[in-house]
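# Summary of structural features
Residue strings, one per chain:
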Amino acid sequence: MIPVSFGRSGLISQEQKREGDGFTPYGSFPIRRILGKENLSIRSLEYTKIQKNDHWSDVPTSKHYNQLIRKKEKGATPLWNSPNYQLFIVIEHNTNPSIPGNGSMIFIHPWEETKPTSGCVGVKLVDLQAILQHLDGSKNPFILIIPSDENN
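Structure report, in brief. Just so you know, these numbers come straight off a predicted model, no measurement behind them. (Residues numbered from 1 in each chain as written. Predicted model: local features only at pLDDT ≥ 70, side-chain atom pairs only at ≥ 80, totals over all residues. Heavy atoms only, no water.)

## A look at the layout of surface pockets
The computed volume of the largest pocket comes to approximately 340 Å³. Put simply, the parts of the chain that give the lining of the largest pocket at least two residues each are β10 (121-123) and β11 (142-145). Top element by residues in the lining of the largest pocket is β11. It accounts for 4 residues. Each residue belonging to the lining of the largest pocket can be placed in one class, and the counts come to 15 nonpolar, 2 polar and no charged. In terms of lining residues, the second largest pocket is bounded by 20 residues, among which Tyr85, Met105, Ser118, Gly119 and Cys120 are the most central. (1 Å grid on protein atoms, 1.4 Å probe; cavity = no way out; pocket = protein on both sides within 12 Å on 5 of 7 lines; lining within 4 Å. Points joined across faces, edges and corners; volume = space filled by probe spheres on them. Helix = DSSP H or I, 4+ residues; strand = E, 2+ residues; numbered from the N terminus. Nonpolar A, V, L, I, M, F, W, Y, C, P; charged D, E, K, R; others polar.)

## Here's the deal with the nonpolar core
Core analysis: the largest hydrophobic core is formed by 20 residues, its most contacted members being Ile34, Ile89, Ile91, Ile108, Leu135 and Ile145. Within the residue set of this core, elements represented by two or more residues are β8 (87-90), β10, α1 (125-134) and β11. Apart from the residues lying within four places of it in its own chain, the contact partners of isoleucine 91 are Phe29, Ile106, Phe107, Ile108, Val121, Ile143 and Ile145. Residues Ile50, Trp56, Phe88 and Cys120 belong to the second largest nonpolar core, which totals 10 residues. (Core = buried A, V, L, I, M, F, W, Y, C linked by side-chain atoms within 4.5 Å. Buried < 20%, exposed > 50% of the residue type's maximum accessible area, 1.4 Å probe, protein only. Contact = heavy atoms within 4.5 Å.)

## Considering the side chain of lysine 17
Note that lysine 17 resides in the loop between β1 (10-13) and β2 (23-30). By relative accessible area, lysine 17 is classed as buried at 3%. A polar side-chain atom of lysine 17 sits 2.5 Å from a polar atom in the side chain of aspartate 21. Residues contacting lysine 17, with those up to four places away along its chain left out, are Ile12, Gly22, Phe23, Pro25, His93, Gly101, Asn102, Gly103 and Ile106. (Polar contact = N/O pair within 3.5 Å; in protein donor to acceptor, adjacent residues only side chain to side chain.)

## With respect to a nonpolar patch on the surface
Side chains of Phe142, Leu144 and Ile146 sit close together on the surface and give an oily, nonpolar patch of about 330 Å² of accessible area. We classify phenylalanine 142 as exposed; its relative accessible area is 52%. (Patch = residues over 30% accessible without salt bridge, like charges linked within 9 Å, V, L, I, M, F, W, Y side chains within 5 Å. Areas by Shrake-Rupley, 256 points an atom, 1.4 Å probe, with all protein chains shown as cover. Salt bridge = Lys/Arg side-chain N within 4 Å of Asp/Glu carboxyl O.)

## Details of the pattern of salt bridges
A side chain of one charge can pair with a side chain of the opposite charge if their charged atoms are brought near each other. Per the stated rule, a full pass over the model turns up 4 salt bridges. Between aspartate 21 and lysine 17 there is a salt bridge whose closest N-O contact spans 2.5 Å. The exposure classification of aspartate 21 matches that of lysine 17, with both residues buried. With a closest N to O distance of 3.4 Å, glutamate 113 and lysine 115 form a salt bridge. With a relative accessible area of 41%, glutamate 113 lands in the partly exposed category. According to the relative accessible area criterion, lysine 115 is partly exposed, its value standing at 48%.

Next comes the structure, spelled out in structure tokens:
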């Protein structure tokens, strides 16, 4: 069992999730993409090595909303300088298609704090690395986030 942290507001259905609400969406999400600073290879999954100018757009008015951007864009979140983005799995919430305002940047990322996240799933880095060792894209991995009395 791996302890996780969810968003400061708890869990909410994918359909009700909104940008900046502090909720983690619940549901079943395919795991297709991992990003990080190191050179890694994950069996049959897309891995992107982030670079210093990489950002993720969480600006609903941007044409790049909820996408990785390889350049600086006004309001987009820089990935390089945050320990939260040294290695992360994209939770495919609102990604294809991306509907502006319905939530962005929902990741499984390193989280060493005892407080909730802003909406992601936070785990210890060592646990995230262990998860990645078991992922195999050819087996169609997914994450299942479900509410319970303990986390809502």
